[in-house]
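So the chains spell out like this:
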Amino acid sequence: MKRRNFIKNAALTSAGLVIGNSLTNCTNSESKENSAMAVTSTSEVKLPLVIATWHVKNATAKAMEVLQSGGSALDAVEQGCMVEEADIKNSSVGKGGLPDRDGNVTLDACIMDKNGNCGSVVFLKDITHAVSLARKVMEDTPHVMLAGEGAKQFAISQGFKEEDLLTESSKKAWEDWKVKSEYKPIINIENHDTIGMLAIDKNGDIAGACTTSGLAYKMQGRVGDSPIIGSGLFIDNEIGGCVATGLGEEVVKTVGSFLVVELMRQGKTPQQACEEAIGRIVSKPNSNYKDFQVGYIAVNKKGETGSYSIHQWFSMTKFQDGKNEQIQSDFYNKT
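Given the structure is predicted, the values throughout are model-derived calculations rather than measurements.

Caption draft 1: The overall build of the protein, seen in detail. When helices and strands are tallied, the protein shows 10 helices and 13 strands. The buried share among the 335 residues of the protein stands at 59%. Of all intrachain contacts in the protein linking residues separated by at least 6 positions in sequence, the fraction that spans at least 24 positions is 68%. When the accessible surface of the protein is totalled, it reaches about 13000 Å², and 47% of it is carbon and sulfur.

Rendered as structure tokens:
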């Protein structure tokens, strides 16, 4: 997907192993779409509103369709994320996701509603719609998170279809990677990412969701920030919401999405909050931020939005007032 070029500036010398020439082509086409900053501030924000990480216009279009037909923000983010989970051309979410180093596709997802209820699944195999299963965990169990085989068993008991998530394309990419693979997590060599989505419905209520197949060729059992409430996603219906993307380990270390929302509670705009949260990462002692990417998108109760990342080429898709557009994010590392 076009959002892959977000790792372009931070890629190490062997980055072309999996994603190859597609980065250059995607970079050129993406930069032409919209160079506007990903911040909106107006006293007359029109609702409903959907924003998502990366270039995912089909997903935001589906979410807006749900909202315009009277659906809730929660319905919108679930169904919007499901679009990407079902897209086998998307190698970082759902079916067709790139596997771990042992060839297993494992999914992580979470969802959060206007009341602060949340659900999550981690290390999920053989179930495409992880975000929908996360919602089932939230609504139909006393738990917040289910993992591994237990999550899969729950999915089957709820009528989810079991299927092989490793497509021929992802299998070939994995086999190519194995030729010169280094069995350690070298960031930005592997092609990976996430979709995070936030929505405000006509009632002004906020919900969010996040879903991913995680870091490609990761160690067996690795889980990043995406299914972790407070890290990959956080919603406070009185204040706003935030989702994260990029190297999950660094987001977890700063509880990034919760931090952004709390900064908005203190009076910062979504843009200012995203910028400060990135600042917390890059200013850590001995930070190697030049070797990885993190990006945040956020929305507050007023409908103001913000987006910021460490490196260039992160973008946000925004659907509002009949306009579904990709917006390039501002970024920290301009050297």
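Caption draft 2: Spotlight on the environment of Glu168. The residue Glu168 is located in helix H7 (residues 168–179) in this model. Counting along the chain gives 72 residues from Glu168 to Gly96, while the straight-line C-alpha distance between them is 8.3 Å.

Caption draft 3: Spatial organisation of the sheet that holds strand S3 (residues 118–124). Spatially, the 8 strands line up as an open sheet ordered S4-S3-S2-S6-S5-S1-S11-S12, and their pairing is mixed. A single partner strand is all that each edge strand has here, and the edge strands are strand S4 (145–147) and strand S12 (323–328). On average, each strand axis in the sheet is inclined to that of its neighbour by 10°, with strand direction left out of account. One ladder, built from 6 bridges, connects strand S5 (residues 195–200) with strand S6 (residues 206–212); its direction is antiparallel.

Caption draft 4: The arrangement of helix H4 (residues 73–86) in detail. With 14 residues, H4 extends 20 Å between its outermost C-alpha atoms, agreeing within 8% with the 20 Å of an ideal straight helix rising 1.5 Å per residue. What H4 keeps buried is the set Ala73, Leu74, Ala76, Val77, Glu78, Gly80, Cys81, Glu84 and Glu85. In the core, the buried residues of H4 are packed alongside helix H3 (57–68), strand S2 (107–112), helix H5 (130–140), S5 and S6.

Caption draft 5: Focus on unusual backbone geometry. Look at the link from Leu47 to Pro48: it is a cis peptide, with omega at 5°. If you trace the backbone, Pro48 turns up in the loop between helix H2 (22–33) and strand S1 (49–53). Look at Val255: it is not a glycine, yet its phi comes out positive at around 45°. Mapped onto the elements of the fold, Val255 is located in the loop between helix H8 (248–253) and helix H9 (256–265).

Caption draft 6: Region of the structure containing the sheet that holds strand S9 (residues 294–300). Taken together, the 5 strands give an open sheet; going across it, the order is S7-S8-S9-S10-S13, and neighbouring strands pair in mixed fashion. Two strands bound the open sheet, and with one partner strand each, they are strand S7 (233–236) and strand S13 (330–331). Looking at chain direction, S9 and strand S10 (residues 305–309) are connected through 5 bridges and run antiparallel. From the neighbouring strand, Tyr296 faces S10, where its bridge partner is Tyr308. Against the sheet, H9 touches S7, strand S8 (240–246) and S9, its axis set at about 145° to S8. Docked against the sheet, helix H10 (residues 270–282) engages S9, S10 and S13, running at close to 20° with respect to S10.

Caption draft 7: Structural detail: the packing of H5 against helix H6 (residues 148–157). Taken N-terminus to C-terminus, the directions of H5 and H6 make an angle of 85°; their axes are 10 Å apart at the nearest point. The angle between the axes of H5 and H6 places the two elements in the roughly perpendicular class. Across the interface between the two elements, Leu133, Lys136, Val137 and Asp140 from H5 touch Ala151, Phe154 and Ala155 from H6. Classifying every residue of the contact of H5 with H6 by side-chain character gives 5 nonpolar, no polar and 2 charged.

Caption draft 8: Structural view of the nonpolar core. Counting residues in hydrophobic clusters, the biggest one holds 42 residues, and the most contacted among them are Leu198, Val260, Val294, Tyr296 and Ile310. Within the second largest apolar cluster, 39 residues are counted, among which are Val77, Val121, Ala155 and Ile195.

Caption draft 9: Seen up close, H6. Within H6 the residues assigned to the buried category are Gly148, Ala151, Lys152, Phe154 and Ala155. In an axial view of H6, the angular spread of the buried residues amounts to 160°, which keeps them on one side of the axis. Across from the buried face of H6, at angles greater than 90 degrees, the exposed residues are Gln153 and Ser157. On its buried face, H6 sits against S3, H5 and S4. Looking one or two residues past H6, Gly159 carries a phi angle of roughly 95°, positive in sign.

Caption draft 10: How the structure looks around the side chain of Asp236. Here Asp236 lies in strand S7. Only 3.0 Å separates the side chain of Asp236 from the backbone nitrogen of Glu238, close enough to count as a polar contact. If we ignore the near neighbours within four places in the chain, the residues touching Asp236 are Ile206, Val261 and Arg265.

Caption draft 11: How the structure looks around the pairing of S10. Along S10, 5 of the 5 residues are buried, which leaves the element largely enclosed by surrounding structure. Both faces of S10 are covered, namely the face carrying Thr305, Ser307 and Ser309 and the face carrying Gly306 and Tyr308. Between the antiparallel neighbours S9 and S10 lie 4 residues, among them Gly303 with a positive phi of about 90°. Bridge count for S10 against S13 is 2 bridges, and the pairing is parallel. Within the sheet, the bridge partner assigned to Tyr308 lies in S13 and is Asp330.

Conventions we followed
Numbering of residues starts from 1 in every chain and runs along the sequence as written. In keeping with the model being predicted, local features are shown solely for residues with a pLDDT of at least 70 and side-chain atom pairs are shown and tallied solely at 80 or more, while totals for entire chains, interfaces and linings include all residues. As a rule here, side-chain values cover all heavy atoms of the structure and leave hydrogens and water aside. Strands here are runs of E lasting at least two residues and helices are runs of H or I lasting at least four, both read from the DSSP assignment and numbered beginning at the N terminus. Per-residue accessibility, obtained with a 1.4 Å probe over protein chains only, is compared with the maximum for each type, and a residue is labelled buried under 20%, exposed over 50%, and partly exposed between these values. Contacts were defined at the residue level, with two residues in contact if any of their heavy atoms lie within 4.5 Å. With residues, only the protein chains shown are counted as cover, and all accessible areas are computed by Shrake-Rupley using a 1.4 Å probe. Only strands that DSSP links by at least two bridges are regarded as paired with each other. Axis angles are defined between N-to-C directions and span 0 to 180 degrees, where every axis is a line fitted to C-alpha atoms and, for a helix, only to the segment in contact. Expected span, for any helix, means 1.5 Å times one less than how many residues it has. We call two directions roughly parallel when the angle between them is under 35 degrees, roughly antiparallel when it is over 145, roughly perpendicular when it lies between 65 and 115, and oblique otherwise. We call Asp, Glu, Lys and Arg charged. Ala, Val, Leu, Ile, Met, Phe, Trp, Tyr, Cys and Pro are nonpolar, and the rest, Gly among them, are polar. Grouping buried Ala, Val, Leu, Ile, Met, Phe, Trp, Tyr and Cys residues that are joined through side-chain atoms within 4.5 Å yields what is termed a nonpolar core. Here, the arc refers to the directions that run from the helix axis to the C-beta atoms. As used in this structure description, the phrase polar contact means that two N or O atoms lie within 3.5 Å; if the pair is within protein, one of them must be able to donate a hydrogen and the other to accept it, and residues adjacent in sequence are counted only when both atoms belong to side chains.

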